[in-house]
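Coordinate analysis (summary)
Read off the chains here:
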Amino acid sequence: MSIHYYQQTPSVTAGTTLRDATLPAAGSMGIGNPETHDAVMQNRQSFLNTLKITRDQWIQARQTHSDVVCEVTHRNGGWGFDEIMTAVQDCDGLYTMESELMLAIFTADCVPVIFWDETSPLIGVIHSGWRGTVQGITPKALLTIQNEKGIALKNLRVILGPSLAKAHFEVDEDVYLRFKHLGYTDNYSAYRPETHKYHIDNQGVVYEQCRRIGIPEENITRSTFDTFSEETGFSYRQNKTKGRHMSFIIRHDD
């Protein structure tokens, strides 16, 4: 199993799985494609073995490019491990205040957001494709968690993982205008007159959203990994791949 770790401490493990041509289905962790189901299950079992966790600790969402983020607990353990229809339905992010749960989201160009609190048990993951970004899924979720759980945003650590670079995220005017409507994306977009297309730094916009709600810049880590150009990346934009990275986090008992 090929994994890039952002955090490996006695309290928190967080990372993203990578494409690896030597593994079944090139290391894909996404379960939605029936043709690769058995291969993905091999990868998932290998992941469990690597992290020394069980399937009952696994929780994933059935992502729909929404702005919905759901709280989960141990009663949701195992959801989505075998079949996508058993995942947490119709949401694009998960968070929990309970330890020993592994929360996962899946991407192949979209921005994976991993977060945890330094002073409480909170951990979470968010899938922010461009639709989620323009809907404000990340700031909405974090502000809601702040209000409901009493956490301080200044204590959050945020990882923005592997995603499509601005150079490769080419869009038409309708998508550009949805970003423009946010009011703070000019520094993250550019127009190419030779192609009559716009280019958007989706990850940069999510970074700006986090910064604007009060997360300190030094607490936000932006991956430079471009899913389109990296050999170990899964990119839907490049080749319509069915493969998926999994970004994950687990908080361990002290």
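Up top is the structure these notes are about.
To start, this report covers the structure provided alongside it. (Residues numbered from 1 in each chain as written. Predicted model: local features only at pLDDT ≥ 70, side-chain atom pairs only at ≥ 80, totals over all residues. Heavy atoms only, no water.)

1. Some details on the pattern of salt bridges
A side chain of one charge can pair with a side chain of the opposite charge when the charged atoms of the two come close. Applied cut-off: Salt bridge criterion: a side-chain nitrogen from Lys or Arg within 4 Å of a carboxyl oxygen from Asp or Glu. To qualify as a helix, a DSSP run of H or I must reach at least 4 residues; to qualify as a strand, a run of E must reach at least 2; elements of each kind are numbered from the N terminus. Exposed residues in this analysis have more than 50% of their type's maximum accessible area, buried residues have under 20%, and partly exposed residues fall in between, with area computed by a 1.4 Å probe over protein chains only.
Summed over the entire model, instances satisfying the criterion amount to 10 salt bridges. The partner of Glu 118 in a salt bridge is Arg 157, with the nearest N and O atoms 3.4 Å apart. Note that Glu 118 is positioned in the loop between β7 (111-117) and β8 (123-128) and Arg 157 in strand β9 (residues 156-160), a separation of 39 residues in sequence. Given a relative accessible area of 22%, Arg 157 falls into the partly exposed group. Note that Arg 211 is salt-bridged to Glu 208, the shortest N-O span being 2.6 Å. Linking Arg 211 with Glu 208, this pair stays in helix α5 (residues 202-212), spanning 3 residues, or about one helical turn. The class of Arg 211 is partly exposed, set by a relative accessible area of 31%. Here Glu 208 falls in the buried class, since its relative accessible area comes to 7%. Through salt bridges with shared partners, one network takes in Glu 208, Arg 211 and Arg 212.

2. Points about unusual backbone geometry
One non-glycine residue, Asp 90, lies in positive phi territory at about 55°. Summarising the element assignment, Asp 90 is placed in the loop between β4 (70-71) and β5 (93-96). Under the relative-accessibility criterion, Asp 90 is labelled partly exposed at 47%. A positive phi angle, close to 60°, is found at His 196, a residue other than glycine. Among the secondary structure elements, His 196 is positioned in the loop between β11 (189-192) and β12 (197-200).

3. Quick notes on α5
Counting buried positions over the 11 residues of α5 gives 9, a clear majority of the element. Among the residues of α5, Asn 202, Gln 203, Gly 204, Val 205, Val 206, Tyr 207, Glu 208, Gln 209 and Cys 210 are the ones counted as buried. Directly beyond the C-terminal end of α5, a positive phi value near 110° is found at Gly 214.

4. Some remarks on the pairing of β8
To keep it simple, the criterion reads: Two strands qualify as a pair provided that DSSP identifies no fewer than 2 bridges between them.
The element β8 is extensively covered by neighbouring structure, given that 6 of its 6 residues are classed as buried. By the alternation rule, side chains of β8 split into Ile 123, Val 125 and His 127 and Gly 124, Ile 126 and Ser 128, which are all buried. Two strands pair when backbone bridges link them, and β5 and β8 are joined in this way by 4 bridges, in the antiparallel orientation. Across the sheet, Thr 96 pairs through a bridge with Ile 123, a residue of β8. Bridge count for β7 against β8 is 6 bridges, and the pairing is antiparallel. Within the sheet, the bridge partner assigned to Phe 115 lies in β8 and is Gly 124. Between β7 and β8, which follow one another and run antiparallel, lie 5 residues.

5. Some details on the nonpolar core
Cut-off, in case you're wondering: Here, the term nonpolar core denotes a set of buried Ala, Val, Leu, Ile, Met, Phe, Trp, Tyr and Cys residues that are joined through side-chain atoms within 4.5 Å. Working rule for contacts: check all heavy atoms of both residues, and any pair within 4.5 Å makes them a contact.
Grouped together as the largest cluster of nonpolar side chains are 35 residues, with contacts concentrated most on Phe 115, Val 158, Leu 160, Phe 179 and Ile 215. Listing elements by their share of this core, those giving two or more residues are β7, α2 (130-134), α3 (137-149), β9, α4 (173-180), β12 and α5. Contact partners of Ile 215, with chain neighbours within four places excluded, come to Leu 142, Leu 153, Leu 156, Val 158, Cys 210 and Ile 220. Ranked by size, the runner-up nonpolar core spans 19 residues in total, among them Leu 94, Ile 105, Trp 116 and Ile 159.

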